[in-house]
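# Analysis of the macromolecular model
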Number of protein chains: 2
Amino acid sequence: MLSVSEARAKILAAVRPMSGETVALANAAGRVLCAPISARLTQPPADVSAMDGFALRALDGHAGAKLKIIGAAPAGHPFLGKVGPGEAVRLFTGSFLPGGADTVLIQEDASVDGACLTVNEACAPAKNIRRASQDFASGDILLPAGRRLTARDIGLAAAGNHPWLSVHRRPRVAILATGDEISLPGEAIGPGGIVSSNAHALAALIVQAGGDPAILPIARDDIAAIADGADAARGADLLITTGGASVGDHDLVQAGLASRGLHLDFWKIAMRPGKPLMFGAVGGMPMLGLPGNPVSAFVCALLFLCPAIDRLLGLPGDAPMTELARIGAPMKANDQREDYVRATLTRDAEGWRATPFPVQDSGMLRTLARAGALIQRAPHAPALAEGALVQILRLDSAS
Amino acid sequence: MLSVSEARAKILAAVRPMSGETVALANAAGRVLCAPISARLTQPPADVSAMDGFALRALDGHAGAKLKIIGAAPAGHPFLGKVGPGEAVRLFTGSFLPGGADTVLIQEDASVDGACLTVNEACAPAKNIRRASQDFASGDILLPAGRRLTARDIGLAAAGNHPWLSVHRRPRVAILATGDEISLPGEAIGPGGIVSSNAHALAALIVQAGGDPAILPIARDDIAAIADGADAARGADLLITTGGASVGDHDLVQAGLASRGLHLDFWKIAMRPGKPLMFGAVGGMPMLGLPGNPVSAFVCALLFLCPAIDRLLGLPGDAPMTELARIGAPMKANDQREDYVRATLTRDAEGWRATPFPVQDSGMLRTLARAGALIQRAPHAPALAEGALVQILRLDSAS
């Protein structure tokens, strides 16, 4: 059996970053840069005031000095004259420092009577000034290629004067759910039938990961129907199947895709839940076959699909980040399979506390939805007492 | 001066949750339920097999027994007959357990020769069966009102047979950036001018928080222009202004909004960055006035705007979650203002390590974009040595 990290490495090795497209700054949050962004201007563009106050010569800035206010320089309206001896100019935060001045007296330390300014607190040279290029200089790299853009990055790209950004295209991910027993929510349910949930959960996860999902019509347990599904997926950047990945007689996904030229690796992965996984390519399109069980499908998607989407987006495709937590109940020794145990998550003074649900049956979608974390247990991990430290994978408010 | 938590409580007290709307399940991820979701069916609908194998009577399941295979029950095709003594039915994961059978022998423990099944490992009663309603029963509350829907929740709502969900409407948030000095990215920049970055960063943050932003045309530093901005915002659920919130002569936002009936609280908040904040209402529309400085505006948005959007969405509007980290450099004692210090964030065996940037000037947007966390320092917090524990607010890959 393959380990989780070996399987992920094989998937990542087979997936290439998408090419780029140009998007408006306003649509770029969450996208991944395919080229660095450099500053198109200098910020601040000149020495500017960091406070509301008065520009003056520090030589004049002794307590009790009386100066003549010769003008004002609101932000966006630089004072074009020069500040001479005994003179001051009214400034505001962001105002360009006028020529001749070398310090800013904050308004709280001044009294004004008409055009007469009285210095109430002595003012040293170079006070309350932001120097030109303190934030960045024209040509500086502001954001590197491969960066997933945060809201803050959008602000920085704006400040660097970029109305358009070059980002990796969003991968189109086709989702093919298979099975005679599944129906779409709200539609007629046959005898022995259940409602299809995997495709919908996966589509939401794919959007969150930065992909563009398409839910294909459900394929019945029939080779021709599955082959039709592969045809419907044509043009996608990644095909996901769910169901048909176990070892039963009704594993028709392989046969159906084989009729469309599937090159397949079939893996039993040393993990729980979600042992069987297919990975391969159909006509050059990478395909990942997830189990049909909803909990197994979702955990496999976190561990394998999300990193694959990351890689398509030009990101490294790292394993999901784990953090330390203390367990809220004892845990038995683990067997040879890496285990992902659904747990509630709370915080106390010592940090995170993850308490496993007593029943971990992988058919129980409700405990997955209620989980705050998955406790990650290595193969053959020893039994643990309550309070022992474990690695957890936090399930955030989106995934 | 008001504390951060006092200011947030005042804002939350003035904001009411939005009314509901019906959205398709496929569009509901990230939305907040305004009514609980209960299961419309039972899952599993009947006792089902948890494995691929054979249904039989446990009395017949002794090692070496030979049974007659009388049929098969693929998922979605229940076996309508009864399993009698000496008989077995082929099952797959999810197959309904046929009448008469009380256990499932996994296929790995069986040999098959035509219609003859040999039991290779003894099989106890009630093995490998998921009981009806193990996940949920019809009528069970699956997800409570006020839940922000994760991808997993979407799967659970699907499994509960809900094609439509009732969620709080997304609040429309109008953003009014003010200032004679600012231009849109890519447009002409006047003398003493800079590029507007706040509105774009805030819009991205608002989308991430679940709101629907509209960037209004930039308002010049002119009472009439700002009043026009208030008119343009009409119909929004929240108005955000940036700029004009300090104590300078050019604070025209108050005057401009006053001409449209502004009811205003003006607060100096004991925090850094971002001391001045306006909050009030214009014609029944709540308004939050953020500073013009990009770092101050963003930090205030995290602390006040995001909780306000949460409340509009029917969520509690909690303070941003903080976590423990060790500091990577000593820190001086804090003054009377709650401080949010930009820091890089790394992980080691002890957990998070947050290292403050040496220069914290609030004009430096680049250090905000590069920060992995804000170190939160209480008013009058004492000096700390490297390695001391602090509370941090992690800046995730979206915000």
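Definitions and limits used
- Residues numbered from 1 in each chain as written.
- Chains lettered and ligands numbered in written order.
- Predicted model: local features only at pLDDT ≥ 70, side-chain atom pairs only at ≥ 80, totals over all residues.
- Contact = placed C-beta atoms within 7 Å.
- Helix = DSSP H or I, 4+ residues; strand = E, 2+ residues; numbered from the N terminus.
- Nonpolar A, V, L, I, M, F, W, Y, C, P; charged D, E, K, R; others polar.
- pLDDT = per-residue confidence, 0-100.
- Domains from an automatic or database assignment.
- Least-squares fit on C-alpha atoms with pLDDT ≥ 70 in both.
- Pairing = 2+ DSSP bridges.
- Axes fitted to C-alpha atoms, helices over the stretch in contact; angles between N-to-C directions.
- Buried ≥ 20, exposed ≤ 12 C-beta atoms within 10 Å, placed from the backbone.
- Arc of directions from axis to C-beta.
- Expected span 1.5 Å × (residues − 1).
- Parallel < 35°, antiparallel > 145°, perpendicular 65-115°, else oblique.
- Left-handed = near helix turned anticlockwise from the far one by under 90°.

## Focus on the interface of chain A and chain B
Facing 76 residues of chain A, the contacting portion of chain B comprises 77 residues. Counting only elements with at least two residues in the side of chain A that touches chain B, the list comes to α2 (151-159), β15 (194-195), α3 (198-209), α6 (294-312) and α7 (365-370) of chain A. Its residues assigned to classes, the side of chain A that touches chain B shows 37 nonpolar, 28 polar and 11 charged.

## Notes on the confidence of the model for chain A
The predicted model of chain A averages 94 in pLDDT, with 98% of residues at 70 or higher. Under the prediction, the complex receives an ipTM of 0.95, its pTM being 0.95.

## Here we look at the domain arrangement of chain A
What the domain assignment reports for chain A is domain 1 (4-17 + 170-312), domain 2 (22-42 + 141-168), domain 3 (48-130) and domain 4 (323-394). Put simply, the middle of domain 2 of chain A and the middle of domain 3 of chain A, counted by C-alpha atoms, are 37 Å apart.

## Remarks on the relation of the copies chain A and chain B
The transform that puts chain A on chain B rotates by 180 degrees and translates by 0.0 Å along the axis, for an RMSD of 0.0 Å. What we have between these two chains is a two-fold relation. Looking at chain A, 100% of its interface residues are interface residues in chain B too, so the copies touch through the same face.

## Here's the deal with the sheet that holds strand β16 (residues 212-215) of chain B
Residues and elements named next belong to chain B. Taking strand neighbours across the sheet as the criterion, the 6 strands line up as β16-β13-β17-β21-β20-β18 in an open arrangement whose pairing is mixed. On the outer flanks of this sheet lie β16 and β18 (262-268), each paired with one strand and no other. The average angle at which neighbouring strand axes cross in this sheet is 20 degrees, direction not considered. Summarising the sheet, strand β20 (residues 276-282) and strand β21 (residues 285-290) pair through 5 bridges and their orientation is antiparallel. Residue pairing for β21: G280 is matched across the bridge by M287. Together, β17 (238-242), β20 and β21 form the strand contacts of helix α6 (residues 294-312), whose direction differs from that of β21 by roughly 165 degrees.

## Description of the pairing of strand β26 (residues 389-394) of chain B
Residue and element names in this part refer to chain B. Pairing of strand β22 (residues 323-327) with β26 involves 4 bridges; the strand directions are antiparallel. Of the residues in β26, the one forming a bridge with E323 is I392. Here strand β25 (residues 373-377) runs beside β26; their pairing, made up of 4 bridges, is antiparallel. The residue bridging A373 from the neighbouring strand is R394, located in β26.

## Some remarks on helix α1 (residues 4-13) of chain B
All names here are of chain B. Among the residues of α1, those classed as buried are V4, A7, R8 and I11. Along the axis of α1, the buried residues cluster in a sector spanning 100 degrees; they form a single face. Along α1, exposed side chains directed more than 90 degrees from the buried face belong to S5 and A13. Tucked inside the fold, the buried residues of α1 contact β18, β19 (271-272), β20, α6 and β23 (338-348).

## Digging into the sheet that holds strand β9 (residues 116-119) of chain B
Each strand in a sheet pairs with another by means of backbone hydrogen bonds, the pair being arranged parallel or else antiparallel. Residues and elements named next belong to chain B. Read across the open sheet, the 6 strands follow the order β7-β4-β6-β5-β9-β8; overall the sheet is mixed. Of all strands in the sheet, those with a lone pairing partner are β7 (103-106) and β8 (110-113), marking the two edges. The mean inter-strand angle of the sheet, taken between neighbouring strand axes irrespective of direction, is 40 degrees. Relative to strand β6 (residues 87-91), strand β5 (residues 66-73) is paired through 5 bridges, and the arrangement is parallel. Paired with A73 across the strands is L91, a residue of β6.

## A look at α3(A)
Taking 1.5 Å as the rise per residue, α3(A) with 12 residues should run 16 Å; its terminal C-alpha atoms sit 16 Å apart, in good agreement. With 11 of 12 residues buried, α3(A) is to be regarded as a mostly interior element. For α3(A), the set of buried residues is A:N198, A:A199, A:H200, A:A201, A:L202, A:A203, A:A204, A:L205, A:I206, A:V207 and A:A209. In this fold, the buried residues of α3(A) make contact with β13 (172-177), β16 (212-215), β17 (238-242) and α6 of chain A together with α2 (151-159) of chain B. After α3(A) finishes, the residue A:G210 shows a positive phi value of roughly 110 degrees.

## Thoughts on the packing of helix α3 (residues 198-209) of chain B against α6(B)
Residues and elements named next belong to chain B. Viewed as axis vectors pointing N to C, α3 and α6 meet at an angle of 25 degrees, and their least axial separation amounts to 10 Å. When the axes of α3 and α6 are compared, the pair comes out roughly parallel. Here α3 and α6 pass one another in a crossing that is right-handed. In this structure, α3 contributes N198, A201, L202, L205, I206 and A209 to the contact, and α6 contributes P294, A297, F298, A301, C306 and I309. Looking at the contact of α3 with α6 residue by residue, the classes come out as 11 nonpolar, 1 polar and no charged.

## Some thoughts on the environment of B:I240
All names here are of chain B. Topologically, I240 is positioned in strand β17. C-beta crowding within 10 Å serves as the criterion here: with 29 such atoms nearby, I240 is assigned to the buried category. Sequence separation of I240 and A145 is 95 residues, and the distance between their C-alpha atoms is 28 Å. The residues touching I240, leaving out its near neighbours within four places in the chain, are V173, A174, I175, L176, L202, L288, L290 and L305.

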